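Understanding the architecture of this molecule
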Amino acid sequence: MWKPHSPPPPRVTKSPDPESKQKTARRIAQIVKLKPEFIDKYKEVHAAVWPEVLQQIKVCNIQDYSIYHDVGTGILFATFKYVGYDYAGDMERMRENPKVREWWAMTDGFQESMVPGAQSSESSNPAWWKELEEVFYLE
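Throughout what follows, the structure given in this document is the object of discussion. (Residues numbered from 1 in each chain as written. Predicted model: local features only at pLDDT ≥ 70, side-chain atom pairs only at ≥ 80, totals over all residues. Heavy atoms only, no water.)

**Remarks on the overall build of the chain**
Basically, it comes down to this: We count a stretch as a helix when DSSP gives it H or I for four or more residues in a row; a strand needs E for two or more, and each element gets its number in order from the N terminus. Accessibility here uses a 1.4 Å probe with only protein chains present; expressed as a share of the type maximum, an area under 20% marks a residue as buried, one over 50% as exposed, and anything in between as partly exposed. When checking whether two residues touch, look at their non-hydrogen atoms; a contact exists if any pair is within 4.5 Å. Residue exposure ignores everything except the shown protein chains as possible cover, and the areas themselves are Shrake-Rupley values with a 1.4 Å probe.
Scanning the chain for helices and strands turns up 4 helices and 5 strands. From first element to last, N terminus to C terminus, the chain shows the α and β order β-α-α-β-β-α-α-β-β. Within the chain, buried positions represent 31% of all 139 residues. Counting only contacts in the chain whose residues sit at least 6 apart along the sequence, the fraction spanning at least 24 positions is 64%. Summed over all atoms, the accessible surface of the chain reaches about 10200 Å², with 55% contributed by carbon and sulfur.

Spelled out as structure tokens, the structure:
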């Protein structure tokens, strides 16, 4: 015979402790414009990304990273998950890597930032890639 289950225990939620270094996943989407004369070169270099760059991306807690290209508009759309606890610090560590800076110097030349005042990926203030607002998500 069917019997009702006991009610679930009450949920207790706490504000995050600022001192704890708990990893949280954050999805990020960004755009930049690819100059039409560099489409083939951009695809070529991304078919063989330098190992030092790939390793630094992983060390900086970035996962599930993809870049898409819309041929009609020239827009590059990047999406990734940040799974660390200090995004600003990890991005600073990324900037400190000389091979990453060399990669950015090359690929920035293929691109046109959509952020007013942006100078390069390395300068970061303002950012070279324009971050987008997430308006919907279904897991």
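**Digging into the nonpolar core**
To keep things clear, this is the line we draw: Put simply, a nonpolar core is a bunch of buried Ala, Val, Leu, Ile, Met, Phe, Trp, Tyr and Cys residues held in one set by side-chain atoms that sit within 4.5 Å of each other.
Judged by nonpolar contacts, the single largest core of 25 residues is most densely connected at Ile62, Met94 and Trp129. Going through the elements one at a time, strand E1 (26-34), helix H1 (39-46), helix H2 (51-59), strand E3 (75-82), helix H3 (87-96) and helix H4 (98-108) are the ones with two or more residues in this core. Broken down by element, the residue count for this core peaks at 4 residues, all from E3. Contact partners of Met94, with chain neighbours within four places excluded, come to Gln56, Ile57, Cys60, Ile62, Val100 and Trp104.

**Observations concerning the pattern of salt bridges**
Any two side chains of opposite charge can pair, on the condition that their charged atoms come close. Put simply, the rule is: For this document, the term salt bridge refers to a Lys or Arg side-chain nitrogen within 4 Å of an Asp or Glu carboxyl oxygen.
Counted according to the given criterion, the structure contains 8 salt bridges. Note that Arg95 and Glu92 form a salt bridge whose closest N and O atoms lie 3.2 Å from each other. Here Arg95 and its partner Glu92 are both found in helix H3, 3 residues apart, which amounts to about one turn of the helix. Assessed through its relative accessible area of 17%, Arg95 is described here as buried. Notably, a salt bridge pairs Glu102 with Lys99, separated by 3.5 Å at the nearest N-O pair.

**A word on the packing of H2 against H4**
Here is the rule we go by: Only the contacting stretch of a helix is used when fitting its axis, a line to C-alpha atoms as for every element, and angles between N-to-C directions run 0 to 180 degrees. An angle counts as roughly parallel when it lies under 35 degrees, as roughly antiparallel when it exceeds 145, as roughly perpendicular when it falls between 65 and 115, and as oblique in every other case. What makes a crossing left-handed is the near helix being turned counterclockwise from the far one by less than a right angle; a clockwise turn instead makes it right-handed.
Contact geometry of H2 with H4 gives a least axis separation of 9 Å together with a crossing angle of 110°. Between H2 and H4, the angle falls in the class roughly perpendicular. Of the two elements, H2 crosses H4, and the hand of that crossing is left-handed. On the side of H2, the interface is formed by Glu52, Val53 and Gln56, while H4 contributes Lys99, Val100 and Trp103.

**A few points about the layout of surface pockets**
Which entries qualify depends on this criterion: The definitions used throughout rest on a 1 Å grid laid over the protein atoms alone, on which a cavity is an enclosed set of points accommodating a 1.4 Å probe that cannot get out and a pocket is an open set flanked by protein within 12 Å on both sides along at least five of seven lines; lining residues are those having an atom within 4 Å of a point. Grid points are joined across faces, edges and corners, and a volume is the space filled by probe spheres set on the points.
Its boundaries defined by the atoms lining it, the largest pocket holds a volume of some 950 Å³. Forming the boundary of the largest pocket are 35 residues, of which Gln30, Tyr65, Phe80, Trp104 and Trp129 lie nearest the centre. Those elements that place two or more of their residues in the lining of the largest pocket are E1, H1, H2, strand E2 (62-70), E3, H3 and H4. With 6 residues, the top contributor of residues to the lining of the largest pocket is E2.

**Details of a nonpolar patch on the surface**
Using the following cut-off: Within this analysis, patches are made of residues with over 30% relative accessible area and no salt bridge. Like charges are joined at 9 Å or less; nonpolar side chains (Val, Leu, Ile, Met, Phe, Trp, Tyr) at 5 Å or less.
A surface patch of nonpolar side chains, amounting to about 260 Å² of accessible area, comprises Tyr68, Phe77 and Leu132. Relative to the helices and strands, Phe77 is located in strand E3.

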